[in-house]
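# Coordinates in review
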Amino acid sequence: MNTSAMAQSGRFRARRMARGSVTEGAARAGFAARGVIYLLVGALALQIAFGDTGRQADRGGALQELAQKPFGAVLLWALGIGLVGMALWRLSEALFGSVGKDGRSARKRLMATVRFAFYVFVAYSVLSFALSRHQSGGSSDQQSRDATARVLEIPAGQWLVGAVGIGIVVAGGWIAVRAVLRKFHDKLRLGQMSHRTRQLVDVTGVVGGAARGLVFAVAGVFAVRAAIAYEADKAKGLDDTLRTFADTPLGPWLLVCVAAGLVLFGVFSFAMARWRRV
């Protein structure tokens, strides 16, 4: 191999390593940001379960809570930048594939594209809040009702809302089942964990993932109900969905369990930030 070819090969490897380091850092920052949001939402839901019904257990409520802390503005910007990192990592997976034997399959790339779009929206909402210091567009509940109403007005909107609701129910079930089956093991560097750490990660991953999937599924059920009744008000955002658990025969204790699960999922997200294979 001549000197020119060797230099070109070296530059290629250097660019690949640099891109890999940037992508890995973005992903880990994103998982940490996700963990903060779930910790705050879970904590707010626990306060609601114990009688503080003035709280808002959704992303907007979490941001408002964070803004009131010392250095709140800095924390909000750090959170938004972390979520931008998550979006960029998902975009890289959509374009170049992800880790694993089927990481470049069309299905994986499609899922990465959907996640990219979702995190772009979440990052935009957080950064907008950091700029304005007030939640534009209302709570997640109002946003869900408004979006449902707009879709119901278009041709075949009722069917579209129903299809989206069913999709959310299926996604929630898929999230919960994968958590219970510990499918997250495939994405973690288990060899770098001690036995005790692995046990703790399993608890947070299984319980937290199951709680997250349950919340998704219940929110999807409300979307289906809104489509069947042709009433946008029957759709619920995260806050109203969580409050629904307190209206069951088990009372607020079911909400306590679900809220604790969301807190555990936040902790699990921090574990993903540390040990996730990127």
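Just so we're clear, the structure is a prediction, and the values are computed from it rather than from any experiment. (Residues numbered from 1 in each chain as written. Predicted model: local features only at pLDDT ≥ 70, side-chain atom pairs only at ≥ 80, totals over all residues. Heavy atoms only, no water.)

### Some points on the packing of aromatic side chains
A complete count under the given rule lists six aromatic pairs for this structure. A centroid spacing of 4.8 Å and a plane angle of 70° characterise the contact between Tyr38 and Phe265, whose relative ring orientation is edge-to-face. Pair noted here: Tyr38 is in helix α1 (residues 3-49) and Phe265 is in helix α9 (residues 252-275), with a separation of 227 residues, a long-range link. Judged by its relative accessible area of 18%, Tyr38 falls in the buried class. Under the relative-accessibility criterion, Phe265 is labelled buried at 4%. Joined through ring pairs, the aromatic side chains of Tyr38, Phe184, Phe265 and Phe268 make up one cluster. Between the NZ or CZ atom of Lys236 and the centre of the ring of Phe222, over which it lies, the distance is 5.0 Å. (Phe/Tyr/Trp six-rings, centres within 6.5 Å; stacked < 30°, edge-to-face > 60°. Helix = DSSP H or I, 4+ residues; strand = E, 2+ residues; numbered from the N terminus. Buried < 20%, exposed > 50% of the residue type's maximum accessible area, 1.4 Å probe, protein only. Lys NZ or Arg CZ within 6 Å of the ring centre and 35° of its normal.)

### Describing the domain arrangement of the protein
Along its sequence, the protein is carved into domain 1 (26-132) and domain 2 (155-249 + 256-268). For domain 1 and domain 2, the distance between their C-alpha centroids amounts to 15 Å. With 20 residues of domain 1 at the contact, the number on the domain 2 side is 16 residues. Summed over both partners, the interface of domain 1 with domain 2 comes to about 1500 Å²; 67% of that surface belongs to carbon and sulfur atoms. Viewed at the interface, domain 2 and domain 1 are joined by two residue pairs in polar contact (both at pLDDT 80 or more). Looking at the side of domain 1 that touches domain 2, the elements with two or more residues in it are α1 and α4 (106-132). Taken together, the residues of the side of domain 1 that touches domain 2 sort by class into eleven nonpolar, four polar and five charged. (Domains from an automatic or database assignment. Contact = heavy atoms within 4.5 Å. Buried area = accessible area lost by both parts, 1.4 Å probe. Polar contact = N/O pair within 3.5 Å; in protein donor to acceptor, adjacent residues only side chain to side chain. Nonpolar A, V, L, I, M, F, W, Y, C, P; charged D, E, K, R; others polar.)

### What to know about the packing of helix α7 (residues 195-229) against helix α8 (residues 238-245)
Two elements in contact, α7 and α8, have axes separated by 10 Å at closest approach and are oriented at 100°. Between α7 and α8, the interaxial angle falls into the category roughly perpendicular. Between α7 and α8, the contacting residues are Leu214, Val215, Val218, Ala219 and Phe222 on the first element and Leu238, Thr241, Leu242, Thr244 and Phe245 on the second. For the contact of α7 with α8, the class distribution of residues is eight nonpolar, two polar and no charged. (Axes fitted to C-alpha atoms, helices over the stretch in contact; angles between N-to-C directions. Parallel < 35°, antiparallel > 145°, perpendicular 65-115°, else oblique.)

### So, the UniProt feature "transmembrane region" (unreviewed entry) in the protein
In this structure's numbering, the residues bearing the UniProt feature "transmembrane region" (unreviewed entry) are residues 25-50, 70-89, 110-131, 159-181, 201-230 and 250-273. Note that residues 159-181 is 96% helix and 0% strand, and that its end C-alpha atoms are spaced 33 Å apart. (UniProt positions renumbered as here; feature names shortened; annotations may be inferred.)

### Quick notes on helix α3 (residues 72-96)
Here α3 contains 25 residues, and its C-alpha end-to-end distance of 36 Å stays within 8% of the 36 Å for a straight helix at 1.5 Å per residue. Downstream of α3 by one or two residues, Gly97 has phi in the positive range, about 95°. (Expected span 1.5 Å × (residues − 1).)

### What to know about the pattern of salt bridges
Counted under the stated rule, the structure contains six salt bridges. A salt bridge links Arg28 to Glu24; the nearest nitrogen and oxygen atoms lie 3.0 Å apart. In this pair, Arg28 and Glu24 are both assigned in helix α1, four residues apart and thus about one turn of the helix distant. Accessibility expressed as a relative area gives 28% for Glu24, which makes it partly exposed. (Salt bridge = Lys/Arg side-chain N within 4 Å of Asp/Glu carboxyl O.)

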